[in-house]
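Chains, contacts and geometry: an overview
Given next are the chains, with one letter for each unit.
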Amino acid sequence: QVQLVESGGGLVQAGGSLRLSCAASGGPRRNYVLGWFRQAPGKERDFGAAINWSGSMTDYSGPVKGRFTISRDNAKNTVYLQMNSLKPEDTAVYYCAAEFLTFDTSANKYPYWGQGTQVTVSP
């Protein structure tokens, strides 16, 4: 089983920045695709960004493209989400997720999830 632990959330003013971290451990293999999803109050859990094992492939949703950057450090089994130019609409619980089968943007394709970290962006 894979365990994922997020950190780095908090309260920030619009235009500010945060960096989220997700530490992965366990499981029989380490070459998972890692992604970030977010869920705003009263909304569905939506795709944010994903990165493959080598880092050669990344994908971003339209609302975060150009502002957020996903990266990973395989030596530390950690994925990061650098969030710049934050907007109030970015307010959500951010979840780290892992999967093995394919590079996907659908939440239901990811079997492993962290507990989430709250990001709040004030106007």
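Analysis parameters
- Residues numbered from 1 in each chain as written.
- Predicted model: local features only at pLDDT ≥ 70, side-chain atom pairs only at ≥ 80, totals over all residues.
- Heavy atoms only, no water.
- Helix = DSSP H or I, 4+ residues; strand = E, 2+ residues; numbered from the N terminus.
- Rg over C-alpha atoms; globule rule 2.2 N^0.38 Å.
- Buried < 20%, exposed > 50% of the residue type's maximum accessible area, 1.4 Å probe, protein only.
- Contact = heavy atoms within 4.5 Å.
- Areas by Shrake-Rupley, 256 points an atom, 1.4 Å probe, with all protein chains shown as cover.
- Lys, Arg positive; Asp, Glu negative; His and termini not counted.
- Charge placed at Lys NZ, Arg CZ, Asp CG, Glu CD.
- Pairing = 2+ DSSP bridges.
- Polar contact = N/O pair within 3.5 Å; in protein donor to acceptor, adjacent residues only side chain to side chain.
- Axes fitted to C-alpha atoms, helices over the stretch in contact; angles between N-to-C directions.
- Salt bridge = Lys/Arg side-chain N within 4 Å of Asp/Glu carboxyl O.

**A short note on the overall build of the protein chain**
Counting its secondary structure elements, the protein chain contains 0 helices and 11 strands. Ordered by position from the N terminus, the helices and strands of the protein chain form the series β-β-β-β-β-β-β-β-β-β-β. Its C-alpha radius of gyration of 13 Å places the protein chain within 12% of the 14 Å reference for a compact globule of 123 residues. Overall size of the protein chain, expressed as C-alpha extent along the three principal axes, is 45 × 30 × 25 Å. Per-residue burial over the protein chain gives 44% buried out of 123 residues. For the protein chain, the proportion of contacts with a sequence separation of at least 24, taken over those separated by at least 6, is 58%. Entry remark: accessible area of the protein chain is about 6,200 Å², with carbon and sulfur atoms responsible for 49%. For the protein chain, the separation between the mean place of its 12 positive charges and that of its 9 negative charges on side chains is 4 Å.

**A word on the pairing of strand 8 (residues 78-83)**
Counting buried positions along strand 8 yields 5 of 6 residues, so the element is predominantly enclosed. Summarising the sheet, strand 3 (residues 18-26) and strand 8 pair through 6 bridges and their orientation is antiparallel. Considered in strand 8, the bridge of C22 is made with V79. In this structure, strand 7 (residues 68-73) lies alongside strand 8, joined through 6 bridges in antiparallel fashion.

**Digging into the environment of Y94**
Structurally, Y94 is set in strand 9 (residues 92-99). In sequence terms Y94 and M57 are 37 residues apart; their C-alpha atoms lie 21 Å from each other. Contacts of Y94, omitting those with residues within four sequence positions, involve E6, L20, W36, F37, R38, F68, L81, M83, G116, T117 and V119. Only 2.9 Å separates the side chain of Y94 from the side chain of R38, close enough to count as a polar contact.

**Details of the sheet that holds strand 8**
Judged by pairing direction, the sheet is antiparallel, and its 4 strands sit side by side in the order 1-3-8-7 without closing on themselves. Each of the sheet's edge strands pairs with one partner strand only, and the pair in question is strand 1 (2-7) and strand 7. Neighbour-to-neighbour, the strand axes of this sheet turn through a mean angle of 15°, independent of strand direction.

**Section: the pattern of salt bridges**
In the structure shown here, the tally under the stated rule is 2 salt bridges. As a salt-bridge pair, D90 and R38 come within 2.8 Å of each other at their nearest N and O atoms. Linking D90 in the loop between strand 8 and strand 9 with R38 in strand 4 (residues 33-39), this pair joins segments that are 52 residues apart in sequence. The two residues D90 and R38 agree in class, both being buried. A salt bridge links R67 to D90; the nearest nitrogen and oxygen atoms lie 2.7 Å apart. In this pair, R67 sits in the loop between strand 6 (58-60) and strand 7 while D90 sits in the loop between strand 8 and strand 9, placing the two residues 23 residues apart along the sequence.

**Re the environment of A23**
Inspection of the secondary structure puts A23 in strand 3. Judged by relative accessible area, which is 37%, A23 ranks as partly exposed. Spatially, the C-alpha atoms of A23 and Q3 are 8.0 Å apart, while their sequence positions differ by 20 residues. Not counting the four nearest positions on each side in its chain, A23 is found in contact with Q3, L4, V5, N77 and T78.

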